[in-house]
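A structural walkthrough
Below are the chains, spelled out letter by letter.
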Amino acid sequence: MPNLFTLVLQITVILAVCRIVGSLFQKIHQPRVVGEMFAGILLGPSLLGWIAPRVSAYLFPSSSLGFLNALSQVGVVIFMFLVGLGINPKELKHQSHAAVLVSHVSITAPFVLASLLALYLYPILSNDSVSFPNFALFMGAAMSITAFPVLARILNERNMMQSRLGTVAIACAAVDDVTGWCILAYIVVLIRAAHQTTPIWITIGGILLFAALMIYGVRFLLRGYEHAFRKNGEISENGMAFLILLAMVSALCTERLGIHLLFGSFLMGAIMPKEPKFVRYVLDRFETVTITLLLPLFFAFTGLRTNIGLMKGPAMWFYCALIILAATGGKLGGSTIGGWLSGMPVREAAGLGTLMNTRGLMELVILNIGLDIKVISPALFSMMVVMALFTTFMTTPVLELICPDQALRTVPKKVSAPSVALQEIA
Amino acid sequence: MSSTGRNFGFAYALLVILPLIGLAGVLRNGRGLSAPAAIDGIWSFHFDPAQNGSSCASFLAALPEKTISISQSGTTFVLSASGDPKISGSGTLAGTKFKAAFGSTEPADGGCRGHQSVLVAELGREQGLDKLAGTLSTADCPSCAPVAFHAERAPVTPPAAAPNNGGH
């Protein structure tokens, strides 16, 4: 049984620290989510455990972390449902040449750089229970991700959501995330299949069958929600409860099929009706509890697993710098070149590259999966968390430097409401 | 085909298709690389019964089931055991040579109080199990004779994508 006093104390401390640090980061023009990610690190062994080990051991005894983790995972399952809800497949179908090129380059460039870096890091930071292709593919997937919700938040705060730059960035981030999650699903299946007796083709076949059933079957049944919302202007309590139930069942199916809970909830969100007012309505119902209560627990849990102390000596910091360089060079550099070759002015292309380099919370979600399936080691996990924080933190000041004028923010362009609605998720 | 289409095709081939071919090459070449042996997990330690009375090894004998958890990051690792005495330390793995230094919340009696303990061992594999065989000694403590030990790694459980524990 969980020690309820400890659990409630943990939640209280986490929420207080996340709120305070989040507010401080907002004062320096950073999205709150960056501050909350940083707060998680402060509560872990990197700071609290280092300067006050007794306080840390009292607040976060190892026997209690399972309950904290369970709560935080529920939060991430709901969050991924909301991320899927915000992605509009129609938006992806009608991309311009620029968006197609930028989105694909912004995946391949960091992927190639990450795999080249993996050649160097694999003999140093991995072990022989992980094969090189799995290690390199995971590094690639982790570096090619873009934080779709954080990006939407930054664009909204800078009044750039309706600019050409903003719409191309949002479309590219959506493509990157969907692609990144597909690659990650493949890696998880490969790694878990190595430990299971079920042949891999059965696992892959099951996943494809489930995805087809969701996309071509369940998606049409879900239209009933849109009709009910149009008719009544709201969704009943039972309807909302059933929605949560569907997201959870979908999550359980993908977990049982051998990938991860989060793929199921993301897929359920992605196949939901995309009528803007309906999406806004559902987001409003979910986001308060998810964003203010459950996600800070995930940040804290990630922080408890991040130990900067494992990066001992200049060599470790050198590896960390290489990771940041490869991630930034691949994402920012690749997107900038792609944008420029697609006909964007250099400054606008650089702005796009900067936006695409935002990794944020999505990166933390992927890294936690990597650590759970042991494809990355604790030291590499800590380095990648530092990279996620660094690349997310740098977005706002670099964007301010590259795009200080209003010119890039005023190109009128129709933008879909789900993307606008997502601004609040971060 | 329009010039825009041609430019797009050229840029796409140069920036997407070519790197993907390169990626395939990197993945192929990387298969030849070797990483350090996996030692991550729970290890059961067994100390020579004849030497258990040694002050250097006495506190280790009190460990719950004499298990030590190793968290590996390539060639480096941290080891820990919770409960009483709580021990924590770090070490390196060079090929099959295992070396770790650790401190305890309950220092050994006698002249070695406050000194760090050092484990030096050789990593091997017998009947599908990873094993360590070596000695425990106390740094800068001539009165403590090294104590022989051997250890086995608990069988590795399949990685859980959605963990149900703390994951530490």
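Residues numbered from 1 in each chain as written. Chains lettered and ligands numbered in written order. Predicted model: local features only at pLDDT ≥ 70, side-chain atom pairs only at ≥ 80, totals over all residues.

Here we look at the overall build of chain A
Scanning chain A from terminus to terminus reveals 20 helices and 0 strands. Against the 2.2 N^0.38 benchmark of 22 Å for 426 residues, chain A shows a C-alpha radius of gyration of 21 Å, consistent with a compact globule. Expressed as lengths along the three principal axes of its C-alpha atoms, the size of chain A is roughly 55 × 50 × 50 Å. Within the span of chain A, comprising 426 residues, buried residues form 57% of the whole. Within chain A, contacts between residues at least 6 apart in sequence are counted, and of these 82% link residues at least 24 apart. (Helix = DSSP H or I, 4+ residues; strand = E, 2+ residues; numbered from the N terminus. Rg over C-alpha atoms; globule rule 2.2 N^0.38 Å. Buried ≥ 20, exposed ≤ 12 C-beta atoms within 10 Å, placed from the backbone. Contact = placed C-beta atoms within 7 Å.)

Remarks on the interface of chain A and chain B
Listed per partner, the contact involves 51 residues of chain A and 38 residues of chain B. Residue assignment for the side of chain A that touches chain B shows that the elements contributing at least two residues are helix H5 (65–86), helix H7 (97–125), helix H8 (132–144), helix H10 (164–193), helix H16 (313–341), helix H18 (360–372) and helix H19 (378–402) of chain A. Considering every element that reaches the side of chain A that touches chain B, the biggest residue donor is H7 of chain A, with 16 residues. The residue makeup of the side of chain A that touches chain B, split by class, is 29 nonpolar, 16 polar and 6 charged. (Nonpolar A, V, L, I, M, F, W, Y, C, P; charged D, E, K, R; others polar.)

As for the nonpolar core
By size, the foremost hydrophobic cluster in this structure holds 154 residues, and its most contacted members are Leu151, Ala169, Met383 and Met384 of chain A. Filtering out sequence-adjacent residues up to four positions away, methionine 383 of chain A remains in contact with Met311, Tyr319, Cys320 and Ile323 of chain A. In this structure, Val118, Leu123, Leu136 and Phe149 of chain B belong to the second largest nonpolar core, which totals 24 residues. (Core = buried A, V, L, I, M, F, W, Y, C linked by C-beta atoms within 7 Å.)

Focus: helix H14 (residues 261–270) of chain A
In an α-helix, one turn spans 3.6 residues; hence positions three or four apart end up facing the same way. Residues and elements named next belong to chain A. Burial analysis of H14 places 10 of its 10 residues in the buried class, which makes it a mostly covered element. Turning to H14, its buried residues are Leu261, Leu262, Phe263, Gly264, Ser265, Phe266, Leu267, Met268, Gly269 and Ala270. Structurally, H14 contributes buried residues whose contacts are with H5, H10, helix H11 (200–221), helix H13 (237–256) and H18.

Some thoughts on the packing of H5 of chain A against helix H15 (residues 276–305) of chain A
A pair of packed helices can be characterised by two numbers: the angle between their axes and the separation between those axes. All names here are of chain A. In the contact formed by H5 and H15, the axes pass within 7 Å of each other and the chain directions differ by 140°. What the angle tells us is that H5 and H15 run oblique. Once H5 is placed against H15, the crossing between them reads as left-handed. Taken together, the residues of H15 that come into contact with H5 (itself represented by Leu65, Leu68, Asn69, Leu71, Ser72, Val74, Gly75, Val76, Ile78, Phe79, Leu82 and Leu85) are Val279, Val282, Leu283, Phe286, Glu287, Thr290, Leu294, Leu295, Leu297, Phe298, Phe301 and Leu304. Split by residue class, the contact of H5 with H15 holds 19 nonpolar, 4 polar and 1 charged. (Axes fitted to C-alpha atoms, helices over the stretch in contact; angles between N-to-C directions. Parallel < 35°, antiparallel > 145°, perpendicular 65-115°, else oblique. Left-handed = near helix turned anticlockwise from the far one by under 90°.)

Notes on the confidence of the model for chain B
Detailed reading of predicted coordinates is not advised where the pLDDT is low. All names here are of chain B. When pLDDT is averaged along chain B, the result is 77; 70% of the residues meet or exceed 70. Per-element mean pLDDT across chain B ranges from 60 in helix H2 (residues 55–61) up to 89 in strand S2 (residues 67–73). Segment residues 163–168: pLDDT under 50, and 15 contacts once partners within four positions in sequence are set aside and those in other chains are kept. Scoring of the predicted complex yields 0.85 for pTM and 0.83 for ipTM. (pLDDT = per-residue confidence, 0-100.)

With respect to the pairing of S2 of chain B
Residues and elements named next belong to chain B. Pairing analysis gives 4 bridges linking strand S1 (residues 41–47) to S2, with the strands arranged antiparallel. By the bridge assignment for S2, isoleucine 42 is matched with serine 69. As defined by bridge partners, S2 adjoins strand S3 (residues 76–81) across 5 bridges and the pair is classed as antiparallel. If you follow isoleucine 70 over to S3, its bridge partner there is leucine 79. What sits between the antiparallel neighbours S2 and S3 is a turn of 2 residues, in which glycine 74 has the positive phi angle 70°. (Pairing = 2+ DSSP bridges.)

A word on the environment of leucine 15 of chain B
By the secondary structure assignment, leucine 15 of chain B is in helix H1 (residues 3–30). Assessed through the 20 C-beta atoms surrounding it within 10 Å, leucine 15 of chain B is described here as buried. In this view, leucine 15 of chain B contacts Val105, Ile337 and Gly338 of chain A; residues no more than four positions away in its chain are not counted.

A closer look at the pairing of strand S8 (residues 147–153) of chain B
Residues and elements named next belong to chain B. As defined by bridge partners, S1 adjoins S8 across 5 bridges and the pair is classed as antiparallel. The partner of serine 44 across the bridge, within S8, is glutamate 152. Where strand S7 (residues 129–138) lies against S8, 6 bridges are found, and the strand directions are antiparallel. Across the sheet, the residue bridging to threonine 135 is alanine 148, located in S8.

Some points on the confidence of the model for chain A
Of all residues in chain A, 92% have pLDDT values of 70 or greater, and the mean over the chain is 86. Note on residues 411–426 of chain A: pLDDT under 50 across the span, and 52 contacts to partners over four residues away in sequence or across chains.

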